[in-house]
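Spelled out, the chains give:
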Amino acid sequence: MIKFVLMVNRQGQTRLSRYYQPVELSRRAALEADVVRCCLSRKKDQCSFVEYKEFKLVYRQYAALYIVVGVTDSENELSIYELVHNFVEVLDKYFSRVSELDIMFNLDRVHIILDEMIQNGHIVETNKSRILAPLTAIDKMADG
């Protein structure tokens, strides 16, 4: 099961966070800082799967952004690794080459995409067209 998804830049600033299990606000900042420090300190030739406290971290770097997913021990790391790649491909398709600024200024749309892919910590959709269907409908209504 997926516990959380974080998107951070190289400076360690969180650009997106989504938790699928309750975490107190006071604990979130410390958790995010510790997780980010753990992933950013690793070298490029090291494995993208990290044992961390009571769960595993699966992370992937895209340009200046890191996407970090915290999962339970029973979750398949490779499937999560591919989910991260699929998430970035969907973002690229929607934003036409996604950038950190796209994430910052369209956070609501990024959350919609993530919510279409993951619900209650479980992967529910991987088809890019189906994931983007709600946003396409919203955009058509806005252009109207």
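From a predicted model like this one, the values you see are computed outputs, not experimental measurements.

Student: Residues and numbers for the packing of helix α2 (residues 77–95) against helix α5 (residues 128–143), please.
Tutor: Orientation of α2 relative to α5, taken along the N-to-C sense of each, is 35°, at an axis distance of 10 Å. The chirality of how α2 crosses α5 is right-handed. Facing N86, E89, V90, K93 and Y94 of α2, the residues of α5 in contact are K128, S129, I131, L132, L135 and D139.

Student: Quick rundown of the packing of helix α4 (residues 107–117) against α5? Include the residues and the values.
Tutor: Between α4 and α5, the least distance of the axes is 8 Å, while the angle of their chain directions is 145°. The element α4 and its partner α5 pack so that their crossing is right-handed. Between α4 and α5, the contacting residues are R109, I112, I113, E116 and M117 on the first element and R130, I131, L132, P134, L135, I138 and D139 on the second. Here the residues of the contact of α4 with α5 sort into 8 nonpolar, no polar and 4 charged.

Student: Kindly report on the pairing of strand β4 (residues 55–62), identifying the contributing residues and their values.
Tutor: For β4, a buried count of 6 out of 8 residues is recorded, marking the element as mostly surrounded by other parts of the structure. Note: strand β3 (residues 49–52) against β4, 4 bridges, orientation antiparallel. The residue of β4 that forms the bridge with V50 is L57. Linkage of β3 to β4, two consecutive antiparallel strands, is achieved through a turn of 2 residues, within which K53 is found at a positive phi near 45°. Where β4 and strand β5 (residues 65–71) come together, 7 bridges link them in antiparallel fashion. Residue pairing for β5: R60 is matched across the bridge by I67.

Student: Which residues make up the pairing of strand β2 (residues 14–19), and what values do they have?
Tutor: Bridging between strand β1 (residues 2–9) and β2 involves 5 bridges; their strand directions are antiparallel. When the bridges of β2 are listed, L6 appears paired with S17. Turn length for the β1-β2 hairpin, with the two strands adjacent in sequence and antiparallel, is 4 residues, and the turn residue G12 shows positive phi of about 85°.

Student: Lay out unusual backbone geometry with the relevant residues and their values.
Tutor: The phi torsion at S96 lies on the positive side, around 55°, for a residue other than glycine. Mapped onto the elements of the fold, S96 is located in the loop between α2 and α3 (100–105). Phi angles above zero are rare outside glycine, and N120 is one such case at about 55°. Take N120: it is sitting in the loop between β6 (118–119) and β7 (122–123).

Student: For the pattern of salt bridges, give the residues involved together with the corresponding values.
Tutor: Across all of its chains, the model carries 9 salt bridges by this definition. Between E89 and K128 there is a salt bridge, and its shortest N-O distance comes to 3.0 Å. Taken together, the residues E89 in helix α2 and K128 in helix α5 connect sequence positions 39 residues apart. Of the residues examined, E89 reaches a relative accessible area of 29% and is grouped as partly exposed. One salt bridge connects D92 with R97, and the closest N-O pair in it is separated by 4.0 Å. Of the residues examined, R97 reaches a relative accessible area of 67% and is grouped as exposed. Several salt bridges share partner residues, and in doing so they unite D34, R37 and K53 into one network.

Quick notes on the rules
- Residues numbered from 1 in each chain as written.
- Predicted model: local features only at pLDDT ≥ 70, side-chain atom pairs only at ≥ 80, totals over all residues.
- Heavy atoms only, no water.
- Axes fitted to C-alpha atoms, helices over the stretch in contact; angles between N-to-C directions.
- Helix = DSSP H or I, 4+ residues; strand = E, 2+ residues; numbered from the N terminus.
- Left-handed = near helix turned anticlockwise from the far one by under 90°.
- Contact = heavy atoms within 4.5 Å.
- Nonpolar A, V, L, I, M, F, W, Y, C, P; charged D, E, K, R; others polar.
- Buried < 20%, exposed > 50% of the residue type's maximum accessible area, 1.4 Å probe, protein only.
- Pairing = 2+ DSSP bridges.
- Salt bridge = Lys/Arg side-chain N within 4 Å of Asp/Glu carboxyl O.

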